[in-house]
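A structural walkthrough
Residue strings, one per chain:
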Amino acid sequence: QVVLVESGGGLVQPGGSLRLSCAASGRFFSINTMGWYRQGPGKQRELVATITRDGFTNYAVSVKGRFTISGDNAKNTVFLQMNSLEPEDTAAYYCNADGVIIVGTRFTSWGQGIQVIVSS
């Protein structure tokens, strides 16, 4: 079982910044991709950003230029630096990891979610 633990959410004013962290633990062979998704009130879950083990990144159009995803392969950890936050960024943010348990067996895991509220 692969467990993802998120931290760093909270309440911030518009224009402010937050940094989310997510650490993976458990028994697995490798993690190929980690990322962040979010689900706002009354909305479907959507991709925010992903990063591969080789450092390739992908961002939602709505966060490009404001959010930066980074990772630490040695610690199986991913970070999301969120700047210039807008009320529309208010959502529950979920960490995701995709990898290999043993050769031939893949996994996809989700964190419990962490709340980010952008409000004055």
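Look a little higher up for the structure.
This section reports on the structure supplied with the text. Worth saying up front: this structure is predicted, and the values here are computed from it rather than measured.

Some remarks on the side chain of Asn 96
As for its position among the elements, Asn 96 is in strand S9 (residues 91–102). Polar side-chain contacts of Asn 96 include one of 3.4 Å to the backbone oxygen of Ser 109. Setting aside residues up to four positions removed in sequence, Asn 96 forms contacts with Leu 4, Thr 33, Met 34, Gly 35, Tyr 37, Thr 108, Ser 109 and Trp 110.

Examining the sheet that holds strand S1 (residues 2–7)
Reading across from one edge, S1-S3-S8-S7 is the order of the 4 strands in this open sheet, with antiparallel pairing throughout. Only two strands of the sheet have a single partner each, and these edge strands are S1 and strand S7 (67–72). With strand direction ignored, the average angle separating the axes of adjacent strands in the sheet is 15°. Inspection of the sheet shows S7 paired to strand S8 (residues 77–82) by 6 bridges, in the antiparallel sense. Pairing of Phe 67 across the sheet is with Met 82, part of S8.

Rules and cut-offs
- Residues numbered from 1 in each chain as written.
- Predicted model: local features only at pLDDT ≥ 70, side-chain atom pairs only at ≥ 80, totals over all residues.
- Heavy atoms only, no water.
- Helix = DSSP H or I, 4+ residues; strand = E, 2+ residues; numbered from the N terminus.
- Polar contact = N/O pair within 3.5 Å; in protein donor to acceptor, adjacent residues only side chain to side chain.
- Contact = heavy atoms within 4.5 Å.
- Pairing = 2+ DSSP bridges.
- Axes fitted to C-alpha atoms, helices over the stretch in contact; angles between N-to-C directions.

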